[in-house]
2 protein chains.
Amino acid sequence: MAKITAVSPLAPEAFPKMPIIDGVSFSTVAAGVKYEGRADVMLAKLAPGTAVAGVFTQSATRSAPVLDCQRKLGGPTPDGAAILVNSGNSNAFTGRNGLDAVARIVSASARACDLPEARVFTASTGVIGEPLPFERITDRLETLAATLDPAAMEAAASAIMTTDTFAKGATASVEVAGETVSIAGIAKGSGMIAPDMATMLVYIFTDGKIDQANLQTLVAAHNENTFNCITVDSDTSTSDSLLVCATGASGVAVDDSQTFSDALHGVMQELAHLVVKDGEGATKFVEITVTGAASDRDAKTHALSVANSPLVKTAIAGEDPNWGRVVMAIGKSGAPADRDRLSINFGDIMVAKEGWVNPDYVEADAAAHMKGQNIRIHADIGLGSGEATVWTCDLTHGYIEINADYRS
Amino acid sequence: MAKITAVSPLAPEAFPKMPIIDGVSFSTVAAGVKYEGRADVMLAKLAPGTAVAGVFTQSATRSAPVLDCQRKLGGPTPDGAAILVNSGNSNAFTGRNGLDAVARIVSASARACDLPEARVFTASTGVIGEPLPFERITDRLETLAATLDPAAMEAAASAIMTTDTFAKGATASVEVAGETVSIAGIAKGSGMIAPDMATMLVYIFTDGKIDQANLQTLVAAHNENTFNCITVDSDTSTSDSLLVCATGASGVAVDDSQTFSDALHGVMQELAHLVVKDGEGATKFVEITVTGAASDRDAKTHALSVANSPLVKTAIAGEDPNWGRVVMAIGKSGAPADRDRLSINFGDIMVAKEGWVNPDYVEADAAAHMKGQNIRIHADIGLGSGEATVWTCDLTHGYIEINADYRS
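Residues numbered from 1 in each chain as written. Chains lettered and ligands numbered in written order. Predicted model: local features only at pLDDT ≥ 70, side-chain atom pairs only at ≥ 80, totals over all residues. Heavy atoms only, no water.

**Some points on the relation of the copies chain A and chain B**
The two chain copies are related to each other by a rotation about an axis together with a translation along it.
Move 1: Mapping chain A onto chain B leaves a residual RMSD of 0.0 Å; the transformation is a rotation of 180° accompanied by 0.0 Å of translation along its axis. In short, the pair behaves as if placed about a two-fold rotation axis. Residue A:H397 of chain A places its C-alpha closer to the rotation axis than any other residue of that unit, at 2.9 Å. (Least-squares fit on C-alpha atoms with pLDDT ≥ 70 in both.)

Structure follows, in structure tokens:
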């Protein structure tokens, strides 16, 4: 395990002040799953009737907890629910033992929280392929259940970190029908991040009241242009999980509220950006927008090809406005493009248009943009009206340092 | 341009001793296209009746010289031919000027070599998006034509290098119908290397006599499991070109010779391996074999997903037998896999079988394999009989160093 000695330069100044979400409480414990001397297990307990929606990794080798959660989602229920997450070991590719570990953790959580097993959602994040010492977790469940606190969301965000350098939270409050509805979420993730979904765990809570099926539809739609539009290293985790839990404790129905939908989207986008900002070794936050593609899908294909290109990402690390590499990445993406219709901007500087360097282009202008911490690249394909925006970070020595000896 | 100060640790001890291929001669010159004080243009002249076959990048933004070559391939002809290559500038994404530059170089080459323009094949490799100062090349064509030498193939291999740290050559001689047929080829490429095709230039010459259509079929088939099975960084060049030229000067017909086909395959595979061994920053040569996939195509999808995974490549750099990351890469590839049927070997060590760590596995054994320079990873998917082998290198600080300031 590499020592992470510095907080990402892209980290926000502080964890946001989180509201209490009525109907949710948190506890954490240092169970020694792998890490020493830090909290590594979190429990979130949800009030009766909470609607739980979710999206998970599409990996063909997804982890045992992911398979268990996927089975449990859906349908209205009067029951409460619980989320139990450990860091340090992902319980992925652990064969039959992996399923057994999940069953044991679910059973102990259900007992400690007085819930049916079908309402316990678990996740594990960390090293793949090593047996999860589940007794270290089940032994602490009574303690976790006895120390639940509605104000402990920041501690929960810290307990689920692995190579993360800062805890990630985002929140929003909106007025719906004259009443306040709050949303607050936490996330972890900084490596093995790529769409479908980005490699991470995300838990978002709201006191809005919404039908489970409606919440699922909303979460799936927002996921497509938030978490599925970020990439750090093109590697997809076997454990990606996003759960959104609506306790309904505010009594405010938000099923048809555009305001609520927008606020939820905002929280999801903010958490997605924070994951990129904690990308392993990241020193630049990069927004890549593609317009003028033949379709939105093609635009996203181009944008992700640029975002995942090691040559583009190293050029950004080197503060080099190397638009040739952007052309290369669009060319290789597989989606239609025409060399002589391409235009490329770095920040507000148009560097190339119609297949050739912009005659007004002064490299020093683009170079100045590249020295900033927030880099914007815009490519117009010139073929249609398809659009997409994705987010990534640069590829630096820090990434190599962290990953060349993560496990050994 | 980053200074490349060291030769790849994976380089062969010496450039091979190349045979004279009757009907081919070479010359080089220091034209100052971009680099100072080194040869950066090469000319190869081919005898009348030479069959020329080729394969090119599939990039949607392919360079002007590639488009020109693709137009010219095919059909029998009594004419000779010429290949003119410069390094330092790729003449890619250079708009109408790019086509003009190609036309000027083709015209001057045809005149200097007394050939029709339709038989002049050009290539340019180096920076994308900057105008090619073609006069520096056309000014030297008379000199190049006057200094042709059948023994100058090694100099030609050096002249086409960009970030390469060593010149690449491979050769084979075979007996066909009791006569000797020789094959010899050169290649360049060390970054922006990924299938379809790998980013590079390759020129192979033989004195065998073969119909152009038959040669094209042979080259396309061998390309699929040689150059299209290597990757350094998943980035695909806009300039990839492979030409195979059969002068027929030996008088030996090789159209139906399996021996010739095998020898050509061997030269192509050797050159493909040399490109990987000069991968930017490479310290390990990695062979990834996938068996048991539902189809050969699926096997290649899995193998390339492993080969392109930054997390797998950094683990190899760290000499860490991190088979969890191999599982992750297979899971994300998009091709079918079943977690609980996967088996994974590092070298001869079976680390995992049927979704779980091999009970006989001793990590020190796999770790010992990882300390070598030649790493073998074998994944059996357990679903069918599809197979593929691909080659890559590790991802190190050297890659970041070279690419974070290649252009600035």
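**Considerations on the packing of helix 9 (residues 310-317) of chain A against helix 10 (residues 323-332) of chain A**
Residues and elements named next belong to chain A.
Move 1: Look at helix 9 against helix 10: their axes get within 9 Å of each other, and the N-to-C directions meet at 160°. When the axes of helix 9 and helix 10 are compared, the pair comes out roughly antiparallel. Pair helix 9 / helix 10 crosses with left-handed handedness. In this structure, helix 9 contributes L311, V312, T314 and A315 to the contact, and helix 10 contributes R325, V326, M328 and A329. (Axes fitted to C-alpha atoms, helices over the stretch in contact; angles between N-to-C directions. Helix = DSSP H or I, 4+ residues; strand = E, 2+ residues; numbered from the N terminus. Parallel < 35°, antiparallel > 145°, perpendicular 65-115°, else oblique. Left-handed = near helix turned anticlockwise from the far one by under 90°. Contact = heavy atoms within 4.5 Å.)

**Let's talk about the interface of chain A and chain B**
Many structure descriptions define interface size as the accessible area lost when the parts assemble.
Move 1: Each partner contributes to the interface: chain A provides 54 residues, whereas chain B provides 54 residues.
Move 2: In total, chain A and chain B occlude about 5200 Å² of area from one another, counting both sides; carbon and sulfur atoms represent 60% of this.
Move 3: The interface formed by chain A and chain B holds 0 salt bridges in total.
Move 4: Linking chain A with chain B are 7 residue pairs in polar contact (both at pLDDT 80 or more).
Move 5: Going through the elements one at a time, helix 1 (64-72), helix 2 (95-113), helix 9, helix 10 and helix 12 (397-403) of chain A are the ones with two or more residues in the side of chain A that touches chain B.
Move 6: If one sorts the elements of the side of chain A that touches chain B by residue count, helix 10 of chain A sits on top with 7 residues. (Buried area = accessible area lost by both parts, 1.4 Å probe. Salt bridge = Lys/Arg side-chain N within 4 Å of Asp/Glu carboxyl O. Polar contact = N/O pair within 3.5 Å; in protein donor to acceptor, adjacent residues only side chain to side chain.)

**Remarks on the pairing of strand 15 (residues 386-393) of chain A**
Residues and elements named next belong to chain A.
Move 1: In terms of burial, strand 15 is a largely internal element, 6 of the 8 residues being buried.
Move 2: Bridge count for strand 10 (residues 285-293) against strand 15 is 7 bridges, and the pairing is antiparallel. In the sheet register, T289 faces strand 15, and the bridge partner there is T389. (Buried < 20%, exposed > 50% of the residue type's maximum accessible area, 1.4 Å probe, protein only. Pairing = 2+ DSSP bridges.)

**Looking at the domain arrangement of chain A**
Residue and element names in this part refer to chain A.
Move 1: Parsing chain A into structural domains produces domain 1 (24-277) and domain 2 (285-403).
Move 2: Across the interface of domain 1 and domain 2, roughly 1200 Å² is buried in total on both sides, 64% from carbon and sulfur atoms.
Move 3: On the domain 1 side of the interface with domain 2, the three residues burying the most area are C229, T231 and V276, jointly 39% of the side's total.
Move 4: Scanning the region where domain 1 abuts domain 2 turns up 1 salt bridge.
Move 5: For the salt bridge of K300 with E224, the shortest nitrogen-to-oxygen distance reads 3.3 Å. (Domains from an automatic or database assignment.)

**Remarks on the environment of A:P310**
Residue and element names in this part refer to chain A.
Move 1: Relative to the assigned elements, P310 resides in helix 9.
Move 2: Note on P310: relative accessible area 15%, which makes it buried.
Move 3: Distance from P310 to V326, taken between C-alpha atoms, is 11 Å for residues 16 residues apart in sequence.

**Quick word on unusual backbone geometry**
Move 1: Phi is positive for A:D114, which is not a glycine, with a value near 55°.
Move 2: Along the polypeptide, A:D114 turns up in the loop between helix 2 and strand 5 (120-127).

**Topic: the state of the cysteines**
Residues and elements named next belong to chain B.
Move 1: If you walk through the whole model with that rule in mind, you get 0 disulfides over all chains.
Move 2: Looking at the unpaired C69, the closest cysteine sulfur is the one in C245, lying at 10 Å.
Move 3: Not part of a disulfide, C229 finds its nearest cysteine sulfur in C393, a span of 15 Å. (Disulfide = S-S within 2.5 Å.)

**A short note on the sheet that holds strand 6 (residues 168-176) of chain B**
Residues and elements named next belong to chain B.
Move 1: Strands sit in the order 3-9-8-7-6 across an open sheet of 5 strands; the sheet is mixed. One side of each edge strand has no neighbouring strand; the edge strands of this open sheet are strand 3 (51-56) and strand 6. Across the sheet, the mean angle from the axis of one strand to that of its neighbour is 15°, orientation sign disregarded.
Move 2: Here 6 bridges tie strand 8 (residues 201-206) to strand 9 (residues 241-246), and the two strands are oriented parallel to one another. Counted as the bridge partner of L201 is S241 from strand 9.

**Points about the nonpolar core**
Move 1: Ranked by size, the top nonpolar core spans 163 residues in total, and within it A:I204 and B:I204 carry the most contacts.
Move 2: For A:I204, the residues in contact, after removing those within four places along its chain, are A:I183, A:A184, A:G185, A:L242, A:L243, A:V244, A:C245, A:L264, A:V267, A:M268 and A:L271. (Core = buried A, V, L, I, M, F, W, Y, C linked by side-chain atoms within 4.5 Å.)

**With respect to the UniProt feature "binding site: substrate" (unreviewed entry) in chain A**
All names here are of chain A.
Move 1: Under the feature "binding site: substrate" (unreviewed entry), the UniProt entry names T162, K188, T199, E280, N403 and S408.
Move 2: Position of K188 among the secondary structure elements: in strand 7 (residues 179-188).
Move 3: Within polar-contact distance, the side chain of K188 engages the side chain of T125 at 3.0 Å. (UniProt positions renumbered as here; feature names shortened; annotations may be inferred.)

**Things to note about the packing of aromatic side chains**
Move 1: The tally for this structure, following the rule as stated, stands at 4 aromatic pairs over all chains.
Move 2: Look at B:F26 and B:F205: their rings are 5.2 Å apart centre to centre, the planes differ by 80°, and that puts the pair in the edge-to-face class. Of this pair, B:F26 sits in strand 1 (residues 24-29) while B:F205 sits in strand 8, and the two are 179 residues apart along the sequence. Just as B:F26 is buried, B:F205 falls in that class too.
Move 3: Here the guanidinium or amino end of A:R38 rests over the ring plane of A:Y35, the centre of that ring lying 4.3 Å away.
Move 4: B:K168 extends its terminal NZ or CZ atom over the ring of B:F166, reaching a point 4.6 Å from the ring centre. (Phe/Tyr/Trp six-rings, centres within 6.5 Å; stacked < 30°, edge-to-face > 60°. Lys NZ or Arg CZ within 6 Å of the ring centre and 35° of its normal.)

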